[in-house]
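# A structural walkthrough
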Amino acid sequence: MLCRDGRRQQMIRNFRDHSANERTFLAWIRTAIAVMAFGFVIERFDLMLEAAGFAAGAATPRAAEREFANIAGTSAIAVGTLLFVLATVRFLRNATMIDSDEERKIPGSRMDIVLGGLLSVMGIALLVYLSHV
């Protein structure tokens, strides 16, 4: 492609593929931030329950309920951090594969399934927790 002054303009090889890879990476990063923020909210949920109970004159959450909220919140923060790492590894691996001329099989998505399963288990556990509070 030529510029207006007649010089040859350089294009990024496989630009569309690299752009799609970067958009996917940013979507994973947004998801990781959301999971970590949700974990922080879960971690501090007992404080809100305590404040609401104090204002209404109700009993405060039991120690076991607080412990569960702390474990669930910390787990969500850990899963969010893991998502950051996996998104970066996946982004770099895909960028290398895009630039490569050789044909390769697409690697399996076992880790995606494992992370989806972890988030599902955490969601079910939180549902059970909130139904008993």
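Since the model is a prediction, treat every value here as computed from it, not as a measurement.

## Observations concerning the overall build of the chain
- On a plain count of helices and strands, the chain comes out with four helices and zero strands.
- Looking at the chain as a whole, 22% of its 133 residues are labelled buried.
- Sequence separation of 24 or more characterises 80% of the internal contacts of the chain that already satisfy a separation of 6 or more.
- Per element, the accessible surface of the chain, about 9,800 Å² overall, is 65% carbon and sulfur.

## Observations regarding helix α1 (residues 15–43)
- The terminal C-alpha atoms of α1, which comprises 29 residues, lie 42 Å apart, in line with the 42 Å expected from a rise of 1.5 Å per residue.
- Those residues of α1 lying buried are His18, Ser19, Asn21, Phe25, Ile29, Ala32, Val35, Gly39, Ile42 and Glu43.

## Description of the nonpolar core
- Grouped together as the largest cluster of nonpolar side chains are seven residues: Ala32, Val35, Ala76, Val79, Leu83, Leu115 and Met122.
- Of all the elements in the fold, those that place two or more residues in this core are α1, α3 (63–99) and α4 (110–132).
- A per-element tally of this core places α3 first, with three residues.
- Look past the residues within four positions of alanine 32 in its chain and what remains in contact with it is Gly80, Leu83 and Phe84.

## Digging into the side chain of histidine 18
- Its location among the elements puts histidine 18 in helix α1.
- Once residues lying within four places of it in the same chain are set aside, the contact partners of histidine 18 are Arg13, Ala95, Ile98 and Asp99.

## Notes on the confidence of the model for the chain
- When the pLDDT values of the chain are averaged, the result is 79; 74% of them are 70 or greater.
- α1 holds the highest mean pLDDT among the elements of the chain, 90, whereas helix α2 (residues 45–56) holds the lowest, 64.

## Overview of a nonpolar patch on the surface
- Together, Met111, Val114 and Leu118 line one region of the surface with nonpolar side chains, adding up to about 240 Å² of accessible area.
- Note that valine 114 resides in helix α4.
- For valine 114, a relative accessible area of 44% translates into the label partly exposed.

## Overview of the environment of valine 85
- Looking at the secondary structure, you find valine 85 in helix α3.
- When its relative accessible area of 48% is taken as the criterion, valine 85 is described as partly exposed.
- Through-space distance from the C-alpha of valine 85 to that of alanine 32 is 9.5 Å; in sequence the pair is 53 residues apart.

## Details of the environment of aspartate 99
- Mapped onto the secondary structure, aspartate 99 falls in helix α3.
- By relative accessible area, which is 39% here, aspartate 99 ends up partly exposed.
- Taking the C-alpha atoms as reference points, aspartate 99 and asparagine 14, separated by 85 residues in sequence, lie 7.4 Å from one another.

## What to know about the side chain of asparagine 21
- Considering the arrangement of structural elements, one finds asparagine 21 in helix α1.
- Given the relative accessible area of 7%, asparagine 21 is considered buried.
- Residue contacts for asparagine 21: discarding those within four places in its chain leaves Phe91, Asn94, Ala95 and Ile98.

Quick notes on the rules
- Residues numbered from 1 in each chain as written.
- Predicted model: local features only at pLDDT ≥ 70, side-chain atom pairs only at ≥ 80, totals over all residues.
- Heavy atoms only, no water.
- Helix = DSSP H or I, 4+ residues; strand = E, 2+ residues; numbered from the N terminus.
- Buried < 20%, exposed > 50% of the residue type's maximum accessible area, 1.4 Å probe, protein only.
- Contact = heavy atoms within 4.5 Å.
- Areas by Shrake-Rupley, 256 points an atom, 1.4 Å probe, with all protein chains shown as cover.
- Expected span 1.5 Å × (residues − 1).
- Core = buried A, V, L, I, M, F, W, Y, C linked by side-chain atoms within 4.5 Å.
- pLDDT = per-residue confidence, 0-100.
- Patch = residues over 30% accessible without salt bridge, like charges linked within 9 Å, V, L, I, M, F, W, Y side chains within 5 Å.
- Salt bridge = Lys/Arg side-chain N within 4 Å of Asp/Glu carboxyl O.

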